[in-house]
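# Breakdown of the fold
Read off the chains here:
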Amino acid sequence: MLGVDRCFFYTLGFRAFVDIISHALIGAIVAQFCLWKMDDSAKRKKLVVIGALLAAAPDIANIPLYLHLGAINERFLWIPYHSDWDGHRAAYPMMAIGWEITHSLILVTLVGYFLYRKKYALWPVLCWASHLFVDILAHTGEWASVPLWPIYLKVEGFDDPWKWPPSAWLFSNVVLFVVFYLISKYMESWRINYPDYLLPVEAWHQGWESSHDAQG
Ligand SMILES: [Zn+2]
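Because the structure is predicted, anything quoted here is derived from the model rather than measured.

## Things to note about the coordination of the zinc ion
Coordination of the zinc ion by the protein involves Asp59 (OD), His103 (NE2), His131 (NE2) and Asp135 (OD), with metal-donor separations of 2.0 to 2.2 Å. Around the zinc ion, the 4 donor atoms sit at angles spanning 87 to 173°, and that spread fits a shape best called irregular. In the primary sequence, the donor residues of the zinc ion line up as D-x43-H-x27-H-x3-D. With a gap of 32 residues between them, His103 in the loop between α5 (97-102) and α6 (105-117) and Asp135 in helix α7 (residues 123-137) connect regions that are remote in the sequence. Residue His103 shares its accessibility class with Asp135, and that shared class is buried.

Here's what the structure looks like:
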């Protein structure tokens, strides 16, 4: 029972914290960066939360596959072991289709193009895309990304963070949270100091003038 419990908490802990919290924090960073100019802070905070949810959302499509895998291997609460994944994705491509579709850069690009044509904001697509870029780097072997789906080309990442020990994922999420906090502060200073330009126009202008002066 201890083994089952430990496996349950390890698996659930790794999947839930590493994937969901990390992806959400990265989505929040992207949204905060894109929405730096928005003065209405209550509205901006709501949109940042939406950005975080959009960045975490693609993995919701993996839940049926995940539970199916746990069920056919008769695991406790249908939570599969890492080893259960071996060959499963190739054996049941239709079960993995939600994973492939939501993790396709081609689909993201098409949705982005549609939003662009309709003159909608593009930041939600960037939050979604952040999930895909992170997964490309942070998934290997059985979990490797197929970013150009339906073109089936697996891209090997560097490592699988959910296999890291809890101290490592805790550390990585603390780092992400600090980055989010610093970006929020930095964007606030942009909002206050540079309401119309990304940089004050004089900075460009003066730089140009002084370089002319220097040339005589
Ligand atoms: Zn994912």
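## Side note on the packing of aromatic side chains
Under the defined criterion, the tally for this structure stands at 4 aromatic pairs. With 6.1 Å between their ring centres and 55° between their planes, Phe33 and Trp190 make a pair best called tilted. Here Phe33 is found in helix α1 (residues 2-34), whereas its partner Trp190 is found in helix α8 (residues 166-193), with 157 residues between them in sequence. Aromatic pair Trp36 and Trp190: ring centres 5.2 Å apart, planes at 85°, arrangement edge-to-face. Separated by 154 residues along the polypeptide, Trp36 in the loop between α1 and α2 (41-56) and Trp190 in helix α8 bring together distant segments of the chain. Per residue, the accessibility class of Trp36 equals that of Trp190, and both read buried. An aromatic cluster is present here, built from Phe33, Trp36, Tyr186 and Trp190 joined pairwise through their rings.

Criteria and thresholds
Residues numbered from 1 in each chain as written. Predicted model: local features only at pLDDT ≥ 70, side-chain atom pairs only at ≥ 80, totals over all residues. Heavy atoms only, no water. Donors = N, O, S within 2.8 Å, 3.2 Å for Na, K, Ca; no water. Tetrahedral: all angles 85-135°; square planar, octahedral: opposite > 155°, others 65-115°. Helix = DSSP H or I, 4+ residues; strand = E, 2+ residues; numbered from the N terminus. Buried < 20%, exposed > 50% of the residue type's maximum accessible area, 1.4 Å probe, protein only. Phe/Tyr/Trp six-rings, centres within 6.5 Å; stacked < 30°, edge-to-face > 60°.

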